[in-house]
Each structure stands twice: as structure tokens, then as C-alpha cells.
Amino acid sequence: ITDGYCTQLCIIDADCPTGSHCGFIGDEGFGVCLDDCTGNADCRANDYECYDADGAGVDECWAVGSGACLRTEDGGQTWTGADEGKRIDGRAIHFVDRQRGVIVGRNGAIQLSEDGGRTWRPIREAKTGGLDLWGLDFADETHAWAVGDKGAIFHSADDGRSWSRQASPDIW
């Protein structure tokens, strides 16, 4: 990525350059430096903004944002795009293992990769009602939850292959 987006690993905000913060990566104990936004034009530089990252060790990491899913295998020195030419508007990403990953995002999109993030396919069976999904976590290799706008909660019991909406309080 150019212009400073998602290019440095960190543990705390102080590890990042001025104008960026440390974005947490799963349960691995480290993060990726993400640029702070000072305005809409800054956030949309190169039509990309990082929202989440997930790591598989010190050197391997996936980052997702508005426009792309990216992967590094050298600790953030270089990044490559997954599914080149395909726009992925993700808000959260999680890899169950080095091969199986899930992205949730804009308009309720849920996508699954079974090849280490090289390609992504939409889960069309997910009935998300077009609500933006902002968070994703796995309790184990099988059970996952995604959360989004208006208190929406979705659950998967088959490592992200299918999703169902769960009841949540109407507090928004």
C-alpha cells in the first residue's frame, strides 16, 4: 500500500509514526499502524482505508478496508492484493487458520476464502438485510459472530459458510 496505509507492525500507538495508531490484530498480540483521518480526502487517498487486520504470526497478516483485501508475508514490508481487480469493501476480517478466512463488510457482504486469502467468494445465502457489518470474531474454528448496524448480530456454526440472524435488543 502506498501513502503510509497499513505498512508497519506495532504493539502500542507509540510504535507508529505521528498521525497513525496501532490497530489490534486478532489474538496475536500485535497490530498494524493505521493512518488517522484528518478529513475525508485523507481517508480516501488511493481509494483505500484500513478497517481491520488479522495475523498468522509476526510476518503474515491480512488487512481489509474500503476497496481491497491485502496480504503481507514479510512483516508489512510489502503488501499484495487478493483477487486483483475485484473490489472488496470489508470492515472486519478473521482467519480461522492459514487457509480459511472470512470478511464482513458494507451492505451486509460476507465473503469466504479457502486458499489463504488469494481469492474470495461471496456467501449469498447470508440474509443480512443490507446492514453494514463492522465486527467479526470466532469463538473457535467453527463458531463465529458478526455484528453491524442497528444492533444486528449474525452467527455461523460452520466456520463462516452459512449465517443466521440472532435476536438482539432494539436499542438503536
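Below is a summary of the structure that appears in this document.

Reading the values: rules and limits
Residues numbered from 1 in each chain as written. Predicted model: local features only at pLDDT ≥ 70, side-chain atom pairs only at ≥ 80, totals over all residues. Heavy atoms only, no water. Helix = DSSP H or I, 4+ residues; strand = E, 2+ residues; numbered from the N terminus. Contact = heavy atoms within 4.5 Å. Pairing = 2+ DSSP bridges. Axes fitted to C-alpha atoms, helices over the stretch in contact; angles between N-to-C directions. Core = buried A, V, L, I, M, F, W, Y, C linked by side-chain atoms within 4.5 Å. Buried < 20%, exposed > 50% of the residue type's maximum accessible area, 1.4 Å probe, protein only.

1. Points about the side chain of His94
Examined against the element boundaries, His94 turns out to sit in strand β8 (residues 88–95). When residues no more than four places from it in sequence are discounted, the contact partners of His94 are Asp54, Arg100, Gly101, Val102, Leu136, Asp137 and Phe138.

2. Considering the sheet that holds strand β13 (residues 144–148)
Across the sheet, four strands lie side by side as β12-β13-β14-β15; this open sheet has antiparallel pairing. Whereas interior strands pair on both sides, the edge strands pair on one side only; in this sheet they are β12 (133–138) and β15 (164–166). Shown here is a sheet whose adjacent strand axes are inclined to one another by a mean of 30 degrees, direction ignored.

3. Observations regarding unusual backbone geometry
Of all residues except glycine, most have a negative phi; of all peptide bonds, most are trans. Although it is not a glycine, Asn107 sits at a positive phi angle of roughly 55 degrees. The topology assignment puts Asn107 in the loop between β9 (101–105) and β10 (110–113). A positive phi angle is found at Lys150, which is not glycine, with a value near 60 degrees. With respect to the helices and strands, Lys150 occurs in the loop between β13 and β14 (153–156).

4. Section: the nonpolar core
Ranked by internal contacts, the top residues of the largest apolar core, which has 17 residues, are Val102, Val104, Ile110, Leu136, Ala146 and Trp163. When contributions to this core are tallied by element, the ones reaching two or more residues are β9, β10, β12 and β13. For this core, the element with the highest residue contribution is β12, accounting for three residues. The next biggest cluster of nonpolar side chains, apart from the first, holds nine residues, and it includes Trp62, Cys69, Ile93 and Phe95.

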